[in-house]
Amino acid sequence: MSAQSELQKHLLNLKLSNKTLTGILHNNNKGAADWGWQGMLAYGCQTSVVVVDTRTVQVLQTLERHRAIVVKVKWARQNYHHDERSPYMLRLASADAHGRIVVWDVSQAVHRVEFQDGTKPILEMDWLSTQDATHDLLVALHPPYSIILWNADTGTKLWKKSFTENILSFSFDPFDPTKLTLLGQDCILFVNDFTVSKPPSSNGKKFYIESTPSSSTSGTTTDRRGSARTAFRRVKMLVGEGKQRAVEESVSLNECLQMTYLQSSRHHLLLLYAREVLIVDLEINQTVGVIPMERSGSPFLQIIPCRQRDVLMCLHENGSVSVRVRRRSGMPGIMSAATTPVDQSGNFGDSTSLSSFGESIQDVVYDLRCQSDHLRVTKHIRPFGIHSCPCTERSVALIMNDGRVMIWSLKTSEYVPHPNNSHIPSLTPLHSPGYSSSNGSFEFLPSVKDKDEVKPMMEVKMKTPIAVPYPKMCLSDLIGQVQFHCGDQMQQGRGVVLKFVLVGLLNGVASPPLVVRMCPPLTTKNYNLYQPLVALGNSAGLIQVYNLSSGLLWREYNIHLTQIRGIEWVSLTSFLSYAYPNPTNSGTVRNELILTDMQTGRTTTFRGDKNEESPIEMLRVSHMKQYFIIVFKEKPFELWDLRTGTLLREMPKNFPFITALEWSPSSNLKSLKKKLAQDSSSSSSTSLSQSSDISASSSSMSVPETGVRSDRKGSHPLNVKEHFVFTDTNGLLYHFFVEGNIIKDGAKIPPESGMGSVTCIAWKGDTIVLGDVDGNLSIWDLKARVSRAVPTHRGWIKKIKFAPGKGNHKLLVLYNDGMDVWDTKDVEQVSNLRSPREIAKVTDVEWATSDKPILATSDGCVRVFDINLKVCSSPLEELSISDPVFCPHLLPPKAAMNMKYLLQHQPWNSEYQLQLDTLTKDLPDGDAIVSMVNEQIKVMPGDIRNFLPYCTNGVAQRCLLIARLFGDEAETNFWTVVMYYLKMEQARQACLIHKSPMPTSTDDQRTKYRFVSKNSHETLPQQEPASDVFLPRDSSQSDFVGLEKPGNARVCDCLSEPPLDMCFDVLCDNQTYQRYQLERINLHDNKRTTYEHTKKCAENFMLLNQTDRAVQLYLETDSDNECYYEDSLRACLVATIRSSGASQSTIKLVATSLIANGKLSEGVQLLCLIDKGLDACRYLQTYGRWQTAVWLAKCTLGYSECCEVLKRWADYLCQPEVNQKSKAVLVMISLGLFHKALEILYSMHYFDRAALFAEACTEFGLLPETEEIKKLVAAIYLEYAHILSNLGNKQAAAYYCQKSAEKGEQLQQELEWM
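Keep in mind that what you see is a predicted model, and the values were worked out from it rather than measured.

Thresholds applied
- Residues numbered from 1 in each chain as written.
- Predicted model: local features only at pLDDT ≥ 70, side-chain atom pairs only at ≥ 80, totals over all residues.
- Heavy atoms only, no water.
- Helix = DSSP H or I, 4+ residues; strand = E, 2+ residues; numbered from the N terminus.
- Buried < 20%, exposed > 50% of the residue type's maximum accessible area, 1.4 Å probe, protein only.
- Contact = heavy atoms within 4.5 Å.
- Areas by Shrake-Rupley, 256 points an atom, 1.4 Å probe, with all protein chains shown as cover.
- Core = buried A, V, L, I, M, F, W, Y, C linked by side-chain atoms within 4.5 Å.
- Pairing = 2+ DSSP bridges.
- Axes fitted to C-alpha atoms, helices over the stretch in contact; angles between N-to-C directions.
- Parallel < 35°, antiparallel > 145°, perpendicular 65-115°, else oblique.
- Nonpolar A, V, L, I, M, F, W, Y, C, P; charged D, E, K, R; others polar.
- Salt bridge = Lys/Arg side-chain N within 4 Å of Asp/Glu carboxyl O.
- Phe/Tyr/Trp six-rings, centres within 6.5 Å; stacked < 30°, edge-to-face > 60°.
- Left-handed = near helix turned anticlockwise from the far one by under 90°.
- pLDDT = per-residue confidence, 0-100.
- Expected span 1.5 Å × (residues − 1).

Participant: Looking at this model, I keep getting lost on the overall build of the protein chain. Mind explaining?
Facilitator: Along the backbone of the protein chain there are 24 helices and 62 strands. A buried classification covers 57% of the 1314 residues belonging to the protein chain. The long-range share in the protein chain, meaning contacts at least 24 apart out of those at least 6 apart in sequence, stands at 58%. Approximately 54,700 Å² of the protein chain is accessible, and the part contributed by carbon and sulfur atoms is 49%.

Participant: Would you take a moment to explain the nonpolar core for this structure?
Facilitator: Generally speaking, nonpolar side chains in soluble globular proteins are found buried as a group. Of all hydrophobic cores here, the largest spans 137 residues; its most connected members are Trp975, Ile1229 and Phe1253. Counting residues per element, this core draws most heavily on helix 8 (residues 969–990), at nine residues. Excluding residues within four positions of it along the chain, Ile1229 makes contact with Phe974, Val977, Val978, Tyr981, Phe1234, Ala1237 and Phe1253. Membership of the second largest hydrophobic core comes to 29 residues, among which are Leu536, Tyr557, Met598 and Ala848.

Participant: For this particular structure, what's the right way to read the sheet that holds strand 40 (residues 603–606)?
Facilitator: By definition, the strands of a sheet pair up through backbone hydrogen bonds, in either a parallel or an antiparallel sense. The strand order across the open sheet formed by four strands is 37-38-39-40, and the pairing between neighbours is antiparallel. Taken across any chain shown, the strands that pair with only one partner, and hence form the sheet edges, are strand 37 (564–571) and strand 40. When strand polarity is set aside, the average angle formed by the axes of neighbouring strands in this sheet is 20°. Direction of pairing for strand 39 (residues 592–597) relative to strand 40: antiparallel, over a ladder of four bridges. Across the sheet, Thr596 pairs through a bridge with Thr603, a residue of strand 40.

Participant: Which parts of the structure should I look at to understand the packing of helix 8 against helix 19 (residues 1221–1230)?
Facilitator: In a packed pair of helices, the relevant descriptors are the angle between the two axes and the axis-to-axis distance. Running from N to C, helix 8 and helix 19 point in directions that differ by 10°, and their axes come no closer than 9 Å. Relative to helix 19, the element helix 8 is oriented roughly parallel. Contact residues: Asn973, Phe974, Val977, Val978 and Tyr981 in helix 8; Val1225, Leu1226, Ile1229 and Ser1230 in helix 19. Grouping the amino acids of the contact of helix 8 with helix 19 by side-chain chemistry returns seven nonpolar, two polar and no charged.

Participant: Honestly, the sheet that holds strand 28 (residues 383–388) in this entry has me stumped. Any pointers?
Facilitator: If you trace the five strands from one edge of the open sheet to the other, you get 28-29-30-32-31, paired in antiparallel fashion. Where the open sheet ends on each side, the last strands, each with one partner, are strand 28 and strand 31 (430–431). As paired elements, strand 28 and strand 29 (residues 395–400) share five bridges and run antiparallel to each other. Looking at the pairing, Ser388 lines up with Val396 of strand 29.

Participant: Please clarify how the pairing of strand 24 (residues 300–305) should be interpreted in this entry.
Facilitator: For a regular strand, side chains alternate in direction, first toward one face of the sheet and then toward the other. Most of strand 24 sits out of view: five of its six residues are buried. As paired strands, strand 24 and strand 25 (residues 311–316) are joined by five bridges and run antiparallel to one another. Note on strand 25: the bridge partner recorded for Ile304 is Met313. Taking the residues that link successive antiparallel strands as the turn, the strand 24-strand 25 hairpin has five residues.

Participant: Is there a simple way to think about unusual backbone geometry in this case?
Facilitator: Peptide bonds are trans in most cases, and residues, glycine excluded, mostly fall at negative phi. The residue after Pro143, namely Pro144, is reached through a cis peptide bond having omega 5°. Examined against the element boundaries, Pro144 turns out to sit in the loop between strand 11 (137–142) and strand 12 (146–151). Going from Ser835 to Pro836, the amide bond is cis rather than trans, its omega being 10°. Secondary-structure assignment places Pro836 in the loop between strand 56 (828–834) and strand 57 (842–849). Positive phi, close to 60°, is recorded for Gln46, a residue that is not glycine. One can find Gln46 in the loop between strand 3 (40–45) and strand 4 (48–53).

Participant: Would you explain the pattern of salt bridges in this entry?
Facilitator: Two side chains that carry opposite charge are able to pair once their charged atoms sit near each other. The full count for this structure, using the stated rule, is 49 salt bridges. Of the charged contacts, one joins Arg517 and Asp844 as a salt bridge, the two residues approaching to 2.9 Å between their closest N and O atoms. Here Asp844 lies in strand 57 and Arg517 lies in strand 33 (residues 515–518), a separation of 327 residues in the sequence. For Arg517, a relative accessible area of 15% translates into the label buried. Residue classification places Asp844 among the buried residues on the basis of a relative accessible area of 6%.

Participant: Please clarify how the environment of Thr1188 should be interpreted in this entry.
Facilitator: One can find Thr1188 in helix 17 (residues 1186–1196). Relative accessible area serves as the criterion here: at 27%, Thr1188 is assigned to the partly exposed category. Placed 11 residues apart in sequence, Thr1188 and Cys1177 show a C-alpha to C-alpha distance of 7.9 Å.

Participant: Would you take a moment to explain the packing of aromatic side chains for this structure?
Facilitator: Working definition: an aromatic ring pair is given by the centre-to-centre distance plus the angle between the planes. Considering all chains together, one arrives at 34 aromatic pairs under this definition. Aromatic pair Phe724 and Phe726: ring centres 6.2 Å apart, planes at 25°, arrangement stacked. Phe726 matches Phe724 in its accessibility class, with the two residues each being buried. Ring centres of Tyr901 and Tyr1280 lie 5.5 Å apart, and the angle between their planes is 85°; this geometry places the pair in the edge-to-face category.

Participant: Even after reading the chapter, I still don't get the pairing of strand 50 (residues 767–772), so can you show me in this structure?
Facilitator: Of all six residues in strand 50, six are buried, a share of seventy percent or more. By the alternation rule, side chains of strand 50 split into Thr767, Val769 and Gly771 and Ile768, Leu770 and Asp772, which are all buried. Pairing of strand 49 (residues 758–764) with strand 50 involves six bridges; the strand directions are antiparallel. Bridge pairing links Ile761 to Leu770 in strand 50. Counting the residues between successive antiparallel strands, the hairpin from strand 49 to strand 50 contains two residues, one of them, Gly765, with a positive phi of roughly 60°. Examined bridge by bridge, strand 50 and strand 51 (residues 776–781) share five bridges and lie antiparallel to one another.

Participant: Help me understand helix 17, please; the structure alone is not making it clear to me.
Facilitator: Since the α-helix advances by 3.6 residues per turn, residues separated by three or four positions end up pointing in the same direction. Most of helix 17 sits inside the fold, with nine of its 11 residues counted as buried. Looking at helix 17, one finds that the buried residues are Trp1186, Ala1189, Val1190, Trp1191, Leu1192, Ala1193, Lys1194, Cys1195 and Thr1196. Its buried side turned inward, helix 17 meets helix 10 (1070–1086), helix 11 (1091–1103), helix 15 (1160–1169), helix 16 (1173–1182) and helix 18 (1199–1213).

Participant: I keep staring at the packing of helix 14 (residues 1144–1156) against helix 15 and nothing clicks. Help me out?
Facilitator: The N-to-C vectors of helix 14 and helix 15 enclose an angle of 160°; their axes lie 7 Å apart at closest approach. Relative to helix 15, helix 14 is oriented roughly antiparallel. Every pair of crossing elements has a handedness; the one defined by helix 14 and helix 15 is left-handed. Between helix 14 and helix 15, the residues in contact are Ile1147, Lys1148, Val1150, Ala1151, Leu1154 and Ile1155 and Leu1160, Glu1162, Gly1163, Val1164, Leu1166 and Leu1167, respectively.

Participant: How do you make sense of the confidence of the model for the protein chain when you look at a structure like this?
Facilitator: Where the model shows low pLDDT, its predicted coordinates should not be examined in detail. Considering every residue of the protein chain, the mean pLDDT works out to 82; 79% of them sit at 70 or more. In the model, residues 214–234 has pLDDT below 50 throughout and makes 51 contacts with residues more than four positions away in sequence or in other chains. Every residue in residues 709–715 scores below 50 in pLDDT, and together they form 12 contacts with partners more than four places removed in sequence or on other chains.

Participant: Is there a simple way to explain the environment of Met984 in this structure?
Facilitator: Relative to the elements of secondary structure, Met984 occurs in helix 8. Judged by its relative accessible area of 8%, Met984 falls in the buried class. Taking the C-alpha atoms as reference, Met984 lies 9.5 Å from Asp1069; in sequence the two are 85 residues apart.

Participant: Help me understand helix 5 (residues 926–938) in this model?
Facilitator: When the terminal C-alpha atoms of helix 5 are compared, their 19 Å separation across 13 residues agrees well with the 18 Å that a helix rising 1.5 Å per residue should span. Those residues of helix 5 that are buried are in contact with helix 4 (893–904) and helix 6 (942–947).

Participant: Which parts of the structure should I look at to understand the side chain of Arg91?
Facilitator: Structurally, Arg91 is set in strand 7 (residues 91–96). Ignoring sequence-local partners within four residues, the contact set of Arg91 consists of Trp75, Ala76, Val103, Trp104, Arg112, Trp127, His135 and Asp136.

Participant: Help me out: how do you make sense of the environment of Val50 in this one?
Facilitator: Note that Val50 resides in strand 4. Placed 30 residues apart in sequence, Val50 and Thr20 show a C-alpha to C-alpha distance of 8.8 Å. Residues in contact with Val50, not counting those within four places in the same chain, are Thr22, Leu41, Ala42, Tyr43, Cys45, Val59, Gln61 and Thr62.

Following this line, the structure appears as structure tokens:
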């Protein structure tokens, strides 16, 4: 049985499907690539779209539909709820240089819809995920200035907006879907009212980049000595269109290579230039950080901002990829230059202090932490782009223009200070996330050697918890947060150094292939040894051998010095190839003829003693592989013995010149067998048996040896007579036969009338076909002795070849302008292809199988077509993939959902198991679903398989891992927030301080806090912090918070987990959010350059009740400023408000009046001055300033008041016109209102997510046991049971029916009847 299964597997691998082997990239393919959440990399190659599985590094699919060069590729977002109606699927959008956009179903290799507006190339493209109702919206930038919103499901144009400026690219604000930023030729446009219902109402706010002299402001960058020449050596500002601009100080945006938003922090825009990166804070319209490139450094090409950690990945012109990590504010240690290369131990080789660059410690600084090896970049080989995995952000794909794809992965090693560089200052090392309940004691994977480290023990009998390494899937699992000090938790992890490791390399077809030759066909005698190999020869003398079944490069031979002119297979494992350079004026060249054995790698050179001569015109190997003929352009041909490698005959000089030649497929082998069979001796019988077997094997190309072996009795080889025909320049057909070293001529047939000079001949069975220079085909039936002329009207026929297979009379015909497929039996055209109208120019054609032609084209691709020459791609289930691929998106909806629910939580089983047992019998294809699920589980990454049964944080942690494993963006965000707040709330309830009674909210019993300004050492009084704020163990480590009354302080130590990353913005806990906002305000204060900037800083200080600093800023107004008197009055007002309680009613009345008369900002500032922050937030929400209200509430209000503001915001998000209920759920979770989150999930019909969230809350003991909540949870469990029942998982459905009490009895009875 095992041998039979191996044979079946081998035959399955021989299956050939329509596909494309891609090669070099077009210049316009630059930027046409994207890495999807599901782990697939898609990139454009000429007119094709290539899909690569990054885990196994193999091409899964090649999509063919575009007629023009592909310029943009974008995977659909996974930020939506997945179920049977909205399943996991591989949906991809691609755009070409003619403006056509195609939306693909990648698994089926079919286009779902295509649309276009105009014929100009698409400049930018992005999917929207702003609403829960739809995830089919695609935004495209149509040159020169139009933005179009498409429904990518139907191809409908929803709206079109044309701007007044030429637009080069755009970028959406990841924190606010209504904000769109457009990069123009000399300006930046900001659109603040982007919606799906209607186009933007205005042309956007226009801003220009202006450099201001560094001497005009304090705390700004000065000219840097020794830095590279750059246009940005001064402070950069965004100046509005109406403002007066200094023309000499304006900065052109034509040199801007890329514009994108910072994913980890709000309000930050990145502008990439060749020699530096600008980080612009959009709240102050000024650069807050510059990443310069040193003089000897390789210029930037591309930048990728990461989301999980504040990390930038940069591509350089030399092909290296660098990782830059943001320096924590107030981080101790040496201030090292952010551009100095770092060695493997984290030490800088040539460190220069920041003081030499004149940079303020308040600047946003990114330190170089890791850089990959640079590549050999030449004029023709250069990097085209990098793309990181959006799910893990630790893997990077580097795409080269020669078709290579390199996968780099970030690893960590333990930080070891360099003993020899003790005199050279170095950066403070990064730290791993630290010891916590989420990852046990394991810091690295693979683990660093440690005596106290516990090795994984997979004990089945023991039910006690065991130590298993936490899978390091993401960037956040490698390094801890670097933005803030969070007590001692930042020091819990070990010091680590980041390193890049090359984990995958994918090669493409080298250079445009000029010659394509398929190995001998599959027969009944060679199926056990057969591999579908095709040899490709290019102009550089390189021969690549590809396995057409898997599409992978099998062998590569650089054996010739010049252009490959022809390849001929002599067996399944060896081939002849010849090459020569372009002829000189004399018409002579030096020919190269080599026999290559792929089993041993041995090469044999023929005619190596020849010097300059006439170039080889063609080489033909006989069908029995005994002989081969070399035809020269202006010289008689040579006959060689392939078995011995000797020259048998060189024709005389008066021999006619040959224009076409072909060997006969017939021979006298059968008569030779019959003659040998008459010999009755045993030796003769043995010899006959051997010769018969070997002759048959040679005929079917199943042995590596060439030719026919000699019999055992004699030493002479067994010679089989073979025939060949050729034509001369006059069209006369000659017939010759060869036997041993004897060559004899036969008949001579005059040319047919109407036939021009014959260019090629094909012979199969009793049919000979001749093609001429005029495009005529002459079909001869030797058995019936009739001929027929067929005019094709296509011009010069370059090549004709019969398809393999008995009785198959299909014929390939290659012209200068394309190709045809003819049926010579019925004398009719089967299909045709025109180039370059339908495809790039065809350079060579061949038969891959009996019904699949293979074409080499001038764009460097090799395509396997169907017989109709229409399709060169296939569904994934028809493709033969060498390595199994883990991708749930390839599964049918029922299989993917069954697998997901099984891995997330399986309380119906006594113990967690990584196997789906059975499904209900009435489910169609139930057994197939079980098989597919179990196969996917088997190829799941091993570290995740080992950890899933032992998740220390139960359902929530397991759901988070499965979300990352599935590449589910929405689930990943949801369970990340859930995990943090479940642990936070559980720790808070167990904390002794939180259990103790809180003091009454009076002024005498408040603990006074003060916020320390970075520039001045004075302290500014502050209001009481929120009750849910957790103070660090050591207040001295805090950058901003200090206790005025240490004796009254109550230090909380209930949570040791690091906070959420700032990419979650308002979902972060109040302490983290406040700390980050205070850091930004101090940064803005230090970056003040204009009066408007100073005024904005003063207003922010007023909103946060930092009145002393606000007074100082108002008093800095110059006396010649028109607002001098107004600001002086403001300073007096702010200074006296807090000392006069009687005036609060008057101030509140004035504030209300201001708001009613359109002075919203001024009224809100007055309310904040008299501690009426809640009223201020209410007014902001009433006037639609929701984000400002949330910001103010989280920064200034206590828990109860903040909760009120955020709950009202959540209600707003749930409104139908806003339709962002998913975000509202996360807001409720961040407030600790888990039951409210369950209610919203239930209303959204996200029953699976709601059920698992309820299970997680129950595990943490955080779900109140009230009747209302019990009814809600029971209803959720019942709906989840219905989902499981529809999926055929009867056991799981019955379990949740029991948990839904009496509501599930009816469903449980139905399940029992099934």
